[in-house]
Amino acid sequence: MDRSATSPSALTGVARGNGDAVFATIVRCAAVLILLGLGGMVAVMAWGARGAFATFGPAFIVDKAWNPVTQHFGAAAPVFGTLVTALLAIVLAVPLAFGIAVWLTEIASARIAGVIGTLIQLLAAVPSIIFGMWGFAVLVPFMAHYVEPFASHTLGRVPGIGPLFRGAPYGTGFLTGGMILAVMITPFISAVMRDVFLSMPAVLKESAYGLGMTRWEVVRRIILPCSRTSVVGGIMLGLGRALGETMAITFVIGNANHIGWSLFSPGNTIASLIALEFPESAMGSLKFSSLMAAGFLLMLISLGTLVCSRLLLRTRAAGR
Amino acid sequence: MAGRDNVTQATTAPCASARWQGNGLSDMRRRMVDRVATGLCWAATVLVLLMLFSILFVLVRNGVGGLRWITFVHVTLPPGQGGGLANAIVGSLIQTGLAVLIGAPVGLLVGIYLAEFTATDNRFINMVRFISDLLLSAPSILVGLFIYMIVVVPTGHFSGLAGALALSMLVVPVVVRTTEDMLRLVPLSMREAAIALGAPRWRVILFVCLRAARDGVATGILLALARVSGETAPLLFTSLGNMNWSVSPAAPMASLPVTIYQYAGAAYEDWTALAWTGALLITAGILMINITVRLGLGRNRK
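What you see is a predicted model, and the numbers here were worked out from it, not measured in a lab.

### Thoughts on the packing of aromatic side chains
All names here are of chain A.
Moving on, step 1. The final tally for this structure, using the stated rule, is 23 aromatic pairs over all chains.
Moving on, step 2. Their ring planes at 80° and their centres at 6.4 Å tell us that Phe56 and Phe73 sit as a pair that is edge-to-face. Note that Phe56 is positioned in helix H2 (residues 13-56) and Phe73 in strand S2 (residues 72-73), a separation of 17 residues in sequence. Both residues of the pair, Phe56 and Phe73, belong to the buried class.

The structure is reproduced here in structure tokens:
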């Protein structure tokens, strides 16, 4: 179809050919703009980070210090915080998202699932700063007064995992950050899962039900095996979002340059570090460059995750 | 275990044998597992809905008190002197408006490219689509850093335009996605009819395909508007915020999200109250756009 459209007819060949050529050039330029956008982001980050990488070398990534007084910077703590909160978010969000997707596709009637599905997607539209304020006003006190004291008295005494749940109950910290992120990414993951579950051939499920399988057995043994790749892709998509999240985390993470076992202890993430410290760092200073270097690391981590996610989700689209 | 073996067998070889009847005990176990799993799915859905309602409830409880006339007509003032959010509201409108004006045309063109030029440049198109999808979920604070480096540093000052540019980078991938999807839904016969009538290709695309897909495309632009109007991180280092009345895109400009961010962390009660009011306003606006769009889509599908 497209071929025939490009070949100009004999009647108005010249004029038409020009119009089409101009139009094709314009849309191609717009497409190149997209590539320049992402490529430019990576290049500018790398350029801004050159000072920090030249001064500290590769050790920047594993250095725990962040000391503006001695001009000594390292990204270990924010990288640690970014990974810990994002992984916590995934651990908490995946079961929730899976439960919601199963509920929407297998349990609820189509009409109710439509309404509830829309409500869940509205949660994805709420801006991240609102999650931050809600987290600070509701979740932090709740964690500090109930969850953390209780957990440190019970789970904190269990050998092996005990150290994870000990520490002063500030309310802010890695666990609270992970929980906020989990609430934020659950709608994204469940939307992907729901679409995949719905795209399954109905005859597969129907035959399984016909053989007498229970609903859970159908989900566990028919739906999940068929949709594994895309489900993992959806989870990676959520992980990518969680890694780069800024405003919500800044409110509840506690903002301390800290690495430790306790999930209750305050920490920071790359994004929250940039949001807080960038306005106070002079252009061209070592701190500025170190923040750019941290941003560059965040870029690499989140792009890597997103590339994996897109590849996993694409294999399915191509395979169908 | 007997029950589980039966199930595995059923999935691999779908021939129901007499063994399928099973014994009463494993049957009961299977039903129990099913009940528990179903219950957990209910619990997950209810829990997440509760989160949504908790957020809305807290927003309304803390924010509704500030919905007074003065909030909408007065600019932000130092703590203790009253004041409103007028400059932040107007600043947000200007910046998101500019962002959509800049980002939507680019997104439209790229969406057209992805949907209509597959016959000639398929490989490059796949790459562009991939990159656009990456941009869709790229950390928005890094977009802010990028614009800071390429706009704020060379021009020497923060500006509303820089903020709008940062937001427009988030608008583009959303519009690209919806435009491409919607153009692909336009039936082939429509294009063929237009081409048969002798229309050049660019006219077919712009005046036939895009026109047929305009509801969906407009939806995409609205969703993009909704998405960027709550973004804070890209504005922190680009438009910076402004305590005074500012409508010039060349100067630092206030915006609702940034004002909320500054006020929410403050120790002054009137500031935090205003932050909640701003948060309520912005969430109400965004949810309203989303609900309208979804209702509209639902109607069109029928």
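### With respect to the interface of chain A and chain B
Moving on, step 1. Facing the 87 residues of chain A at the interface are 92 residues of chain B.
Moving on, step 2. The contact between chain A and chain B buries some 8100 Å² in all, and 81% of this surface belongs to carbon and sulfur atoms.
Moving on, step 3. Seen at the junction of chain A and chain B, the total is 3 salt bridges.
Moving on, step 4. A salt bridge links Arg28(A) to Asp121(B), with the shortest nitrogen-to-oxygen separation between them at 2.6 Å.
Moving on, step 5. At the boundary of chain A and chain B, one finds 8 residue pairs in polar contact (both at pLDDT 80 or more).
Moving on, step 6. For the side of chain A that touches chain B, the leading source of residues is H2(A), giving 22 residues.

### Observations concerning the UniProt feature "domain: ABC transmembrane type-1" (unreviewed entry) in chain B
Moving on, step 1. When the UniProt feature table is mapped onto this chain numbering, "domain: ABC transmembrane type-1" (unreviewed entry) sits at residues 89-293 of chain B.
Moving on, step 2. Helix makes up 79% of residues 89-293 of chain B and strand 0%, whereas the separation of the span's terminal C-alpha atoms amounts to 22 Å.

### Focus: the UniProt feature "transmembrane region" (unreviewed entry) in chain B
All names here are of chain B.
Moving on, step 1. Within the UniProt annotation, "transmembrane region" (unreviewed entry) is assigned to residues 36-60, 93-115, 127-151, 157-176 and 273-297.
Moving on, step 2. Across residues 93-115, helical content stands at 100% and strand content at 0%; the span's end C-alpha atoms are separated by 31 Å.
Moving on, step 3. Helix makes up 85% of residues 157-176 and strand 0%, and the two end C-alpha atoms of the span are 31 Å apart.

What counts and how
What you see as residue numbers is a count from 1 along each chain, following the sequence as written. Note on labels: chains are lettered from A, ligands numbered from 1, in written order. Whole-chain, interface and lining totals are the exception, using all residues; otherwise, since this is a predicted model, local features are given only for residues with pLDDT of at least 70 and side-chain atom pairs are given and counted only at 80 or more. Side-chain numbers come from the whole structure's heavy atoms, not from hydrogens or water. Pairing of aromatic side chains requires ring centres within 6.5 Å, counting the rings of Phe and Tyr and the six-membered ring of Trp. Pairs whose planes differ by under 30 degrees are stacked, by over 60 edge-to-face, and all others tilted. Helix and strand labels come from DSSP, where a helix needs a run of H or I of at least four residues and a strand needs a run of E of at least two; each type is numbered from the N terminus. Only protein chains enter the calculation, and the probe is 1.4 Å; a residue is then buried if its accessible area is under 20% of its type maximum, exposed if over 50%, and partly exposed in between. Every residue pair with non-hydrogen atoms within 4.5 Å of one another is taken to be in contact. Joining two parts hides part of their accessible area as seen by a 1.4 Å probe, and the buried area is that hidden amount summed over both. A pair is scored as a salt bridge if a Lys or Arg side-chain nitrogen falls within 4 Å of a carboxyl oxygen belonging to Asp or Glu. Counting of polar contacts relies on pairs of N or O atoms within 3.5 Å, with two restrictions inside protein: one atom must be capable of donating a hydrogen and the other of accepting it, and residues adjacent in sequence are counted only when both atoms are side-chain atoms. UniProt positions are given in the numbering used here, feature names are shortened, and annotations may be inferred rather than shown by experiment.

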